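Observations on chain architecture
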Amino acid sequence: MITNPNVKINLGLNVLRKREDGFHDLETLFVPYMGISDTLEIVVGDDYSRTSSAIFGKYAPEMIAQGISEDGKLMITIARKEGVDWDPLKDLTAKAYQILAGDFQLPPVKIFLEKTSPVGAGLGGGSSDAAFALKMLNELCGLGLSENRLASYAARLGSDCAFFIYNRPMIGEGRGEILSEIDPDFMDGIYAGHELQVLTPEGVAVSTKDAYGGIRPHLPEVALRDALRLPVEEWDGVLVNDFEETVFAKYPELAAIKRSLYDSGAVYASMSGSGSALFALYRR
């Protein structure tokens, strides 16, 4: 089975308060973005893999990392143009297999991941890979898990993983794992009058830890849902991403890119997640 896990952007991101468990309460609108995606294949046992031949034909050996679990039931191969500087067995797709294997008798599988979404960009590429892996394993192994049950597993892997189980615009609260529906016509109305562009600056990767390091939790002047009800042309300065203050201070080139988006005619521009990706809406 082959899928293409997409990324997301955040419309507004308010960091409200520090929690006793060390995390932060936040509110945001997660929006799927299909313009950037990875390629993920999972095969059971020794079934034929179409992705493996493409990976080994396209990428140099130093761009590929592989791992096999101690029990031999999981083999994972990850390919990335910039190289893979993490343990494949600690990749979120591997953890997705392991978390389900803790509750179900899963067959041996091989995971092949061609990683083209940027790392450290605030687009949730790794979380998307994990959520798609859960959905694929659910189908391949006939587990019969509902979306809500899959989302509960996804939430254990990362704060925004659960969103990608549903993969439609949703308000995220708590750590981001408490999700609620919005009017399905909301984004259609925005896209009808505006064009979305997403930028991923090369050479700038922002760690979530660094982004949270200087954050100052506070209640926004305008609550997220109230800000979203305004016309897009009134979002600037009202629908905000609280991470911009600390991330832009460390990476002023990102602040310059955001200014350039407005200079080029954008009616709204923002950083996604904890950065470094930025996006803009232009009037059609």
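Above this text you will find the structure in question.
Residues numbered from 1 in each chain as written. Predicted model: local features only at pLDDT ≥ 70, side-chain atom pairs only at ≥ 80, totals over all residues. Heavy atoms only, no water.

**Regarding the sheet that holds strand β12 (residues 278-283)**
The strand order across the open sheet formed by three strands is β10-β12-β11, and the pairing between neighbours is antiparallel. Edge positions in the sheet fall to β10 (194-199) and β11 (268-271), since each has one partner strand and no second. Here the average twist between neighbouring strands, direction ignored, is 15°. Relative to β12, β10 runs antiparallel, the two sharing six bridges. Residue pairing across strands places H194 opposite R283, the latter belonging to β12. Sheet strands touched by helix α10 (residues 252-263): β10, β11 and β12. Its angle to β12, the strand with the most contacts, is close to 5°. (Pairing = 2+ DSSP bridges. Helix = DSSP H or I, 4+ residues; strand = E, 2+ residues; numbered from the N terminus. Axes fitted to C-alpha atoms, helices over the stretch in contact; angles between N-to-C directions. Contact = heavy atoms within 4.5 Å.)

**Some words on the pattern of salt bridges**
Evaluation of the coordinates by the stated rule reveals 16 salt bridges. Of the charged contacts, one joins R19 and D25 as a salt bridge, the two residues approaching to 3.1 Å between their closest N and O atoms. One salt bridge connects E173 with R225, and the closest N-O pair in it is separated by 3.4 Å. With E173 in strand β8 (residues 170-173) and R225 in helix α8 (residues 224-228), this residue pair connects regions lying 52 residues apart in the sequence. Connected through salt bridges with shared partners, the residues R17, R19, D21 and D25 form a single ionic network. (Salt bridge = Lys/Arg side-chain N within 4 Å of Asp/Glu carboxyl O.)

**Side note on the packing of helix α3 (residues 125-140) against helix α4 (residues 147-157)**
Two numbers describe how α3 lies on α4: the axes approach to 10 Å, and their chain directions differ by 145°. Handedness of the α3/α4 crossing: right-handed. Listed contacts from α4 to A130, L134, K135 and N138 of α3 are L150, Y153, A154 and L157. Residue classes in the contact of α3 with α4 are distributed as six nonpolar, one polar and one charged. (Left-handed = near helix turned anticlockwise from the far one by under 90°. Nonpolar A, V, L, I, M, F, W, Y, C, P; charged D, E, K, R; others polar.)

Purely geometric stuff here, so don't read any function into it on its own.
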